[in-house]
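Letter by letter, the chains look like this.
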Amino acid sequence: MKLTLKESEISQSIKQTSSIEELEIIRIKYLGKQGLVTNELRILSSLSNEEKKNRGKELNKIKNFIEQEIFEKRNYLNKKKIDEKIQNEKIDVTLPPRDYLTGKIHPISQSVDKIINIFSQMGFNVADGPDIETDFNNFTALNIPENHPAREMQDTFYIHTDEKDPKVLRTHTSPVQVRTMMSTKPPIRIIVPGRTYRSDSDSTHSPMFTQCEGLFVDNKTTMSELKGCLIDFLKEFFEIKDLKYRFRPSYFPFTEPSAEMDIAYKKVNNVIKIGDGEDWLEILGCGMVNPKVLENCNIDSKVYRGWAFGMGVERLSMLKYGIKDIRSFFETDFRWIENYGFNPFDLNSKSGI
Ligand code: PHE
């Protein structure tokens, strides 16, 4: 019995498939080894020549038709599958960013920014140098010769090398004075915020801490200029207009005369309140640059004079922000930074100078 294969019906069933698997079932149904078209083609040989010709033509036409329909549908289904995959894996880059408050500015960075801010308004430039220094820059050029007791004052971390000039972790930012004087001509007006190292650790000392050095070299410079500069700076830094302070004579091998500056404080309910009171807190060291240091740095001490100062940024920050233990700055405790850190969008330039 001759099977009637209607193109429209086959086409309809191909159209209704919704997956490659369903499509394959249809292909097998018609074109598989035991498929309807395949079987019809197989029995062609039993037909008369005339019938064979007509039926053969008819079947080939249907076979080509089915193959074409399946080919198109398969392409369509494959493309659809890829499109769906792309759609599902799409990343929405317009998602809002994470809350900016999850990161905060460390109080030391905040203080350094503020110090730079104030001194740059007074005409100082920022200079820097390496943390690993030569013994010469850290001590010798600063008038601290070998075996000088002042080397004991600063518990130095030595780095053992075979080199002639031994290396140290700089014990202060003063070696950058040396570097700057060696490489530039006066007038020099720099501040040097940076990390320094001493073998010491308790609630007010940390083996790594931050200093800010200042250096002014010119033909005429005076101690009263130095004092005025530091007074203005501290008033501005602490935002206290009538800050009570004093200068005490002191000793540093690299300055002559030398002084230390104290600010007054009092304890209110066991909390330190700075700016006024009967007690004193040492805040920085300073003095006129020792002519020997100028000469060590190839600056003619008969023509030029200079003054310098150095302060501990942790000490300043502890007083300004009410932080009790210096070690907490470096513990990287997330709760601590949440409490004492600053929002990146808070401005640091309330300066009235
Ligand atoms: N370098 C000194 C210190 O670390 C501070 C200082 C700097 C004093 C410059 C005077 C002049 O203690």
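A.B. asks: I'd like to hear about the overall build of the protein chain, residue by residue, with values.
C.D. replies: The helix and strand tally for the protein chain stands at twelve helices and eleven strands. Taking 353 residues into account, the globule formula puts the C-alpha radius of gyration at 20 Å, and the protein chain, at 42 Å, lies well above it. Expressed along its principal axes, the backbone C-alpha trace of the protein chain runs to roughly 130 × 55 × 35 Å. Within the protein chain, the proportion of its 353 residues that are buried is 41%. Counting contacts in the protein chain only where the partners sit at least 6 residues apart, residues at least 24 apart contribute 67% of the total. Element-wise, carbon and sulfur atoms account for 52% of the exposed surface of the protein chain, whose accessible area totals about 20,900 Å². Here the protein chain holds 51 positive side-chain charges and 52 negative ones, and the gap between their average locations is 8 Å.

A.B. asks: How would you summarise the pattern of salt bridges if you had to cite specific residues and measurements?
C.D. replies: When charged atoms on two side chains of opposite charge get close, those side chains can pair. Overall, the coordinates contain 16 salt bridges when judged by the stated rule. Residue Glu-67 pairs with Lys-63 through a salt bridge whose shortest N-O separation is 4.0 Å. Residue Glu-67 and its partner Lys-63 are both found in helix α4 (residues 49–89); the two are separated by four residues, about one turn of the helix. In this structure, the salt-bridge partner of Arg-246 is Asp-262, at a minimum N-O distance of 2.9 Å.

A.B. asks: An account of the site of the ligand is needed here, citing residue identities and associated values.
C.D. replies: Inspection of the region around the ligand gives 14 residues, with His-172, Ser-174, Arg-198, Gln-211 and Glu-213 positioned closest. Between Ser-174 and the ligand, the recorded distance is 3.0 Å, taken from a side-chain N or O atom to a nitrogen atom. Take Gln-211: an N or O atom from its side chain is 2.9 Å from an oxygen atom of the ligand. The protein chains hide 92% of the 320 Å² of surface that the ligand would expose on its own. Those elements giving two or more residues to the shell around the ligand turn out to be β6 (208–218), β10 (279–289) and β11 (305–312). Counted by class, the shell around the ligand contains five nonpolar, seven polar and two charged residues.

A.B. asks: Lay out unusual backbone geometry with the relevant residues and their values.
C.D. replies: Residues Pro-186 and Pro-187 are joined by a peptide bond in cis, for which omega reads 0°. In this model, Glu-256 is joined to Pro-257 through a cis peptide bond whose omega is -5°. By the secondary structure assignment, Pro-257 is in strand β8 (residues 255–268). The phi torsion at Asn-143 lies on the positive side, around 70°, for a residue other than glycine. Following the sequence through the fold, Asn-143 ends up in the loop between α6 (135–138) and α7 (150–153). A positive phi angle is found at Asn-269, which is not glycine, with a value near 50°. Note that Asn-269 resides in the loop between β8 and β9 (271–274).

A.B. asks: For helix α5 (residues 107–121), give the residues involved together with the corresponding values.
C.D. replies: Here α5 spans 21 Å end to end across 15 residues, near enough to the 21 Å set by a 1.5 Å rise per residue. Every buried residue of α5 is accounted for by Pro-107, Ile-108, Gln-110, Ser-111, Val-112, Lys-114, Ile-115, Ile-118 and Phe-119. Residue Gly-123 follows α5 closely and has a positive phi angle near 95°.

Definitions and limits used
- Residues numbered from 1 in each chain as written.
- Predicted model: local features only at pLDDT ≥ 70, side-chain atom pairs only at ≥ 80, totals over all residues.
- Heavy atoms only, no water.
- Helix = DSSP H or I, 4+ residues; strand = E, 2+ residues; numbered from the N terminus.
- Rg over C-alpha atoms; globule rule 2.2 N^0.38 Å.
- Buried < 20%, exposed > 50% of the residue type's maximum accessible area, 1.4 Å probe, protein only.
- Contact = heavy atoms within 4.5 Å.
- Areas by Shrake-Rupley, 256 points an atom, 1.4 Å probe, with all protein chains shown as cover.
- Lys, Arg positive; Asp, Glu negative; His and termini not counted.
- Charge placed at Lys NZ, Arg CZ, Asp CG, Glu CD.
- Salt bridge = Lys/Arg side-chain N within 4 Å of Asp/Glu carboxyl O.
- Near = heavy atom within 4 Å.
- Polar contact = N/O pair within 3.5 Å; in protein donor to acceptor, adjacent residues only side chain to side chain.
- Nonpolar A, V, L, I, M, F, W, Y, C, P; charged D, E, K, R; others polar.
- Expected span 1.5 Å × (residues − 1).

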